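Spelled out from the first residue to the last, the chains are:
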Amino acid sequence: MSRRRRPPDEDDVSAFRQALHEAGVRRIVSERADPGRPRRKDPSAAERRAAAVAAGNSDTTSRTSDGRVEPVRPSEPLDFALPDLPHRTRTQLKRGRIAWEAGLDLHGLTLDEARSELEGFLRDATAGRMRCVLIVHGKAWGSTANYPVIKSHVNAWLREWPAVLAFCSALDADGGTGAVYVLLRRRGQDA
């Protein structure tokens, strides 16, 4: 059983405030920390700050890398989940029990086109508060590579995307190892 506390007596509150005043405790006026040393006057700092703010506000910048990726085999199932994702949720995703709300087919696109389409699709899906989406990446080998290029890059890109909680290869009816179910974090949701 929990006992409800009664509100403090006005005399106690007054005594507490008086003790704080006598001890030299002051009300915080600013929410900024005082590091105890003066700030350096760096003329390039303002330029860097402005550039960072401008880059942060731009939707044209890519959130995914275009560097080298780990190649995956055409029939290799993809599987990824954040460590704190509940096991039950991950199992439901793998079994196709979380209905996907939208799909994206990347067949026939170049790597740059696929990346751009994927990023736009994930942005829209997150903004639309979608929980699960399907991405068809295919299993075809690239013309200059001996592995499925789009599949390998999608595997890397989805791991980097901040709203992706998990993804796994789809059931055969939805594309098998040529597609993935992607579980998204809804805006304002922790996990």
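Quick caveat: nothing in here was measured; it's all calculated off a predicted structure. (Residues numbered from 1 in each chain as written. Predicted model: local features only at pLDDT ≥ 70, side-chain atom pairs only at ≥ 80, totals over all residues. Heavy atoms only, no water.)

A. Layout of the overall build of the protein chain. When helices and strands are counted, the protein chain shows five helices and five strands. Going residue by residue from the N terminus, the α and β elements of the protein chain occur as α-α-β-α-β-α-β-α-β-β. When each of the 191 residues of the protein chain is scored for burial, the buried share is 31%. Looking at the protein chain alone, contacts between residues at least 24 apart form 70% of all its contacts between residues at least 6 apart. (Helix = DSSP H or I, 4+ residues; strand = E, 2+ residues; numbered from the N terminus. Buried < 20%, exposed > 50% of the residue type's maximum accessible area, 1.4 Å probe, protein only. Contact = heavy atoms within 4.5 Å.)

B. Seen up close, the pairing of strand E5 (residues 179-184). Of all six residues in E5, six are buried, a share of seventy percent or more. By the alternation rule, side chains of E5 split into Ala-179, Tyr-181 and Leu-183 and Val-180, Val-182 and Leu-184, which are all buried. Looking at chain direction, strand E3 (residues 132-136) and E5 are connected through five bridges and run antiparallel. Bridge pairing links Cys-132 to Leu-183 in E5. Inspection of the sheet shows strand E4 (residues 164-169) paired to E5 by five bridges, in the antiparallel sense. Residue pairing for E5: Ala-166 is matched across the bridge by Leu-183. (Pairing = 2+ DSSP bridges.)

C. Molecular detail of the packing of helix H4 (residues 111-127) against helix H5 (residues 149-160). Where H4 contacts H5, the two axes come as close as 11 Å, and the packing angle between them is 40°. Crossing geometry of H4 relative to H5 is assigned as right-handed. Contact with H4, carried on its side by Leu-111, Ala-114, Arg-115, Leu-118 and Leu-122, involves Val-149, Ile-150, His-153, Trp-157 and Leu-158 of H5 and no other residues of that element. When the residues that make up the contact of H4 with H5 are grouped by side-chain class, the tally is eight nonpolar, one polar and one charged. (Axes fitted to C-alpha atoms, helices over the stretch in contact; angles between N-to-C directions. Left-handed = near helix turned anticlockwise from the far one by under 90°. Nonpolar A, V, L, I, M, F, W, Y, C, P; charged D, E, K, R; others polar.)

D. Structural context of a negative patch on the surface. A cluster of acidic residues, Asp-9, Glu-10, Asp-11 and Asp-12, forms a negative patch at the surface. Structurally, Glu-10 is set in helix H1 (residues 10-22). We classify Glu-10 as exposed; its relative accessible area is 56%. (Patch = residues over 30% accessible without salt bridge, like charges linked within 9 Å, V, L, I, M, F, W, Y side chains within 5 Å. Areas by Shrake-Rupley, 256 points an atom, 1.4 Å probe, with all protein chains shown as cover. Salt bridge = Lys/Arg side-chain N within 4 Å of Asp/Glu carboxyl O. Lys, Arg positive; Asp, Glu negative; His and termini not counted. Charge placed at Lys NZ, Arg CZ, Asp CG, Glu CD.)

E. Layout of the pattern of salt bridges. Inspection of the entire model under this criterion finds five salt bridges. The salt bridge partner of Arg-73 is Glu-76, with a shortest N-O separation of 3.8 Å. The class for Arg-73 is exposed, based on a relative accessible area of 53%. Notably, a salt bridge pairs Arg-123 with Glu-119, separated by 3.9 Å at the nearest N-O pair. Of this pair, Arg-123 and Glu-119 both sit in helix H4, four residues apart, roughly one helical turn. When its relative accessible area of 7% is taken as the criterion, Glu-119 is described as buried.

Taken by themselves, the reported measurements are silent on function.
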